[in-house]
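So the chains spell out like this:
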Amino acid sequence: MMANKEIPYKIYLEESEMPKYWYNLRADMVNKPAPLLDPKTHKPMTAEDLAPVFCDELVKQELDDTTAYFAIPQEILDFYKMYRPAPLVRAYCLEKKLQTPAKIYYKYEGGNTSGSHKLNSAIAQAYYAKKQGLKGVTTETGAGQWGTALAMACAYLDLDCKVYMVKVSYEQKPFRREVMRTYGASVTPSPSMETEVGKKILAEHPGTTGSLGCAISEAVEKATSLPGYRYVLGSVLNQVMLHQSVIGLEAKAAMDKYGVKPDIIIGCAGGGSNLGGLIAPFMGEKIKGNADYRFIAVEPATCPSFTRGKYAYDYCDTGMVCPLSKMYTLGSGFIPAGTHSGGLRYHGMNSTLSQLYDDGLMEAVSVPQTEVFKAAEEFARVEGILPAPESSHAIKVAIDEALKCKETGEEKTILFGLTGTGYFDMMAYEKFHDGKMVDYVPTEEELQKGFSYLPKMD
Ligand SMILES: *Cc1c(COP(=O)(O)O)cnc(C)c1O
């Protein structure tokens, strides 16, 4: 370790220092996450069961909880070179503004055209689909970040990309939609008349503006009924967390290079992929007893899967066609009130993170959105980057922790994940600026209603 070396404003890795492997944290966990179950028989899903829905190589990664390192294929490394390494930034300006003795770092994943970390997994998933000789992939998108990332990756590999976009977003976020179409994806508002499940939902709820769970059901049906297509998902699954480990591996390599060790690592949690990826190598050390860190997951108060959810097997989609996953969940029928962080609206959570949280290895907090936007603005004004509302959940808690250090005089080192930019979220910023944004916390009754959708096990 090099002591007292001047820390640059931005730490970039040399090409030779970039990670060549993804790290599979599950391999080092004592208590492994529970297996995916068949939604009908409740038996563990096998590779054969999953093959009609997902690409073969991705199924292997999903089911593997013993292999610690997966070599990143050269083609994916080449694509990563277009926008990685992502900078690790020392937030000197924010520290000064807060007058805190804490040292704040953030890993910035918004520097690619799709504007978020989702491209790290999109290129991997598109690559394995192409390698399998498939014609294309289907997916859903809510706020649009995942659809955008996947459209970019598919364009690069000349793969067809069909996106089911939650109808309300399709109508309210025309810019995202057009970015996807620019990259050659077809975008269908969901629910649609293109699928049986879409027709059924429209018959039962005419005029519905759709939901993520419903769009997932449509995308899965399309993938399994069209020859040469598979379904891909941008969060929640363990394969996604595996690909996102590139965030944590780069961050750790950059910090190690300057002899810096974080005390607290913070990330926003929607389905858990960026947080899981960021903490993976650090959590691996903690589990092996080689180092200690505090990990904090930050979620919106409107959709508090960790802090108020149940640890149980649940459906991943409203159509109940996807495998059951054991996770912290609010129930697949839980509809979060209008939060402006579309990427954090998912009812469940990645199964690996759920197990770590249940084992007490990680903490979680939930925060109301007006405080999140206040933190976003404070950050933008000193650090320059205009953050995504999702990412700003992590900013909010990083600031809180830095202010605690100010009170106690402790010089803690804080690392947080800045997952993306907020240029497509200016309507939300507008509401905040006009004082029209409200905070909403679900009542116990609303949560109980969500839990009533949980499948009965045994
Ligand atoms: C999708 C998204 C998230 C949340 O997804 P995770 O799987 O929890 O990482 C966070 N930030 C941004 C910018 C996103 O697009």
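These numbers come from a predicted model, not from an experiment.

Asker: Sorry, what's going on with the site of the ligand here?
Answerer: Neighbouring residues of the ligand: 19 residues in total, closest Lys118, Ser235, Ser273, Asn274 and Thr419. Here an oxygen atom of the ligand sits 3.1 Å away from a polar atom, N or O, in the side chain of His117. One nitrogen or oxygen atom from the side chain of Thr419 is found 2.7 Å from a nitrogen atom belonging to the ligand. Here the ligand, which alone exposes 380 Å², has 98% of that area covered by the protein. Put simply, the parts of the chain that give the shell around the ligand at least two residues each are helix H12 (273-287) and helix H16 (389-408). In terms of residue class, the shell around the ligand is built from 4 nonpolar, 13 polar and 2 charged. Split by domain, the residues of the shell around the ligand number at least three in each of domain 1 (10-16 + 84-115 + 245-451) and domain 2 (26-72 + 118-238).

Asker: How should the nonpolar core be read in this particular structure?
Answerer: The nonpolar side chains of a soluble globular protein tend to be buried with one another. Membership of the largest hydrophobic core comes to 39 residues, with the highest contact counts inside it found for Phe306, Met362 and Leu415. The set of elements that each furnish at least two residues to this core consists of helix H11 (238-257), H12, strand S11 (294-300) and helix H14 (351-358). Counting 38 residues, the second-largest nonpolar core is a separate cluster that includes Cys55, Phe79, Leu157 and Ala185.

Asker: Help me understand the pairing of S11, please; the structure alone is not making it clear to me.
Answerer: The side chains of a regular strand alternate, residue by residue, between the two faces of the sheet. Counting buried residues along S11, 6 of its 7 residues qualify, which places the element largely inside the surrounding structure. Examined bridge by bridge, strand S10 (residues 264-268) and S11 share 5 bridges and lie parallel to one another. In the strand pairing of S11, Cys268 is matched with Val298. Between the parallel elements S10 and S11, the chain passes through H12 in a crossover that is right-handed.

Asker: I'm lost on the packing of aromatic side chains in this one. Help?
Answerer: Here the distance between the centres and the angle between the planes together describe a pair of aromatic rings. Considering all chains together, one arrives at 18 aromatic pairs under this definition. Note on Phe306 and Tyr357: the rings are 4.6 Å apart at their centroids and 50° apart in plane angle, and the pair reads as tilted. One end of the pair, Phe306, is in helix H13 (residues 305-308); the other, Tyr357, is in helix H14, and 51 residues separate them in sequence. This pair shows no difference in class: Phe306 is buried, exactly as Tyr357 is. Plain terms: the ring middles of Phe373 and Tyr429 are 5.1 Å apart, the flat faces sit at 75° to each other, and that makes the pair edge-to-face. Pair noted here: Phe373 is in helix H15 (residues 369-383) and Tyr429 is in helix H17 (residues 426-433), with a separation of 56 residues, a long-range link. Just as Phe373 is buried, Tyr429 falls in that class too. These aromatic residues form a ring-pair network of at least three members: Phe79, Tyr80, Tyr83 and Tyr156. Taking NZ or CZ as reference, Arg177 lies 4.8 Å from the ring centre of Tyr170, over its face.

Asker: How should the sheet that holds strand S14 (residues 363-367) be read in this particular structure?
Answerer: Paired through backbone hydrogen bonds, the strands of a sheet run either parallel or antiparallel to each other. Spatially, the 7 strands line up as an open sheet ordered S1-S4-S5-S15-S10-S11-S14, and their pairing is mixed. Sheet topology places strand S1 (10-11) and S14 at the edges, where each strand pairs with a single neighbour. Bridge analysis of S10 against strand S15 (residues 413-418) gives 3 bridges, and the strand direction is parallel. Counterpart to Ile265 in the pairing with S15 is Leu415.

Asker: Explanation requested: the domain arrangement of the protein in the structure shown.
Answerer: A common measure of how large an interface is: the accessible area buried when the components associate. Partitioning the protein into structural domains gives domain 1 (10-16 + 84-115 + 245-451) and domain 2 (26-72 + 118-238). The C-alpha centroid of domain 2 is placed 23 Å from the C-alpha centroid of domain 1. Roughly 3,100 Å² is buried in total at the junction of domain 1 and domain 2, and carbon and sulfur atoms are behind 61% of that figure. For the interface between domain 1 and domain 2, the tally reads 2 salt bridges. For the salt bridge of Lys173 with Asp425, the shortest nitrogen-to-oxygen distance reads 3.4 Å.

Asker: Sorry, what's going on with the sheet that holds strand S8 (residues 186-190) here?
Answerer: Strand order in this open sheet of 4 strands is S8-S7-S6-S9, and the pairing throughout is parallel. Lying at the two open borders of the sheet, with one neighbouring strand each, are S8 and strand S9 (229-231). Neighbour-to-neighbour, the strand axes of this sheet turn through a mean angle of 25°, independent of strand direction. In this sheet, strand S7 (residues 160-166) lies alongside strand S6 (residues 136-141) in parallel orientation, the contact comprising 6 bridges. Bridging from a neighbouring strand, Thr138 pairs with Lys162 of S7. Relative to the sheet, helix H8 (residues 174-182) contacts S6, S7 and S8, its axis offset from that of S7 by approximately 170°.

Conventions used here
- Residues numbered from 1 in each chain as written.
- Predicted model: local features only at pLDDT ≥ 70, side-chain atom pairs only at ≥ 80, totals over all residues.
- Heavy atoms only, no water.
- Near = heavy atom within 4 Å.
- Polar contact = N/O pair within 3.5 Å; in protein donor to acceptor, adjacent residues only side chain to side chain.
- Areas by Shrake-Rupley, 256 points an atom, 1.4 Å probe, with all protein chains shown as cover.
- Helix = DSSP H or I, 4+ residues; strand = E, 2+ residues; numbered from the N terminus.
- Nonpolar A, V, L, I, M, F, W, Y, C, P; charged D, E, K, R; others polar.
- Domains from an automatic or database assignment.
- Core = buried A, V, L, I, M, F, W, Y, C linked by side-chain atoms within 4.5 Å.
- Buried < 20%, exposed > 50% of the residue type's maximum accessible area, 1.4 Å probe, protein only.
- Pairing = 2+ DSSP bridges.
- Right-handed = clockwise from strand over helix to strand, strands pointing away.
- Phe/Tyr/Trp six-rings, centres within 6.5 Å; stacked < 30°, edge-to-face > 60°.
- Lys NZ or Arg CZ within 6 Å of the ring centre and 35° of its normal.
- Buried area = accessible area lost by both parts, 1.4 Å probe.
- Salt bridge = Lys/Arg side-chain N within 4 Å of Asp/Glu carboxyl O.
- Axes fitted to C-alpha atoms, helices over the stretch in contact; angles between N-to-C directions.
- Contact = heavy atoms within 4.5 Å.

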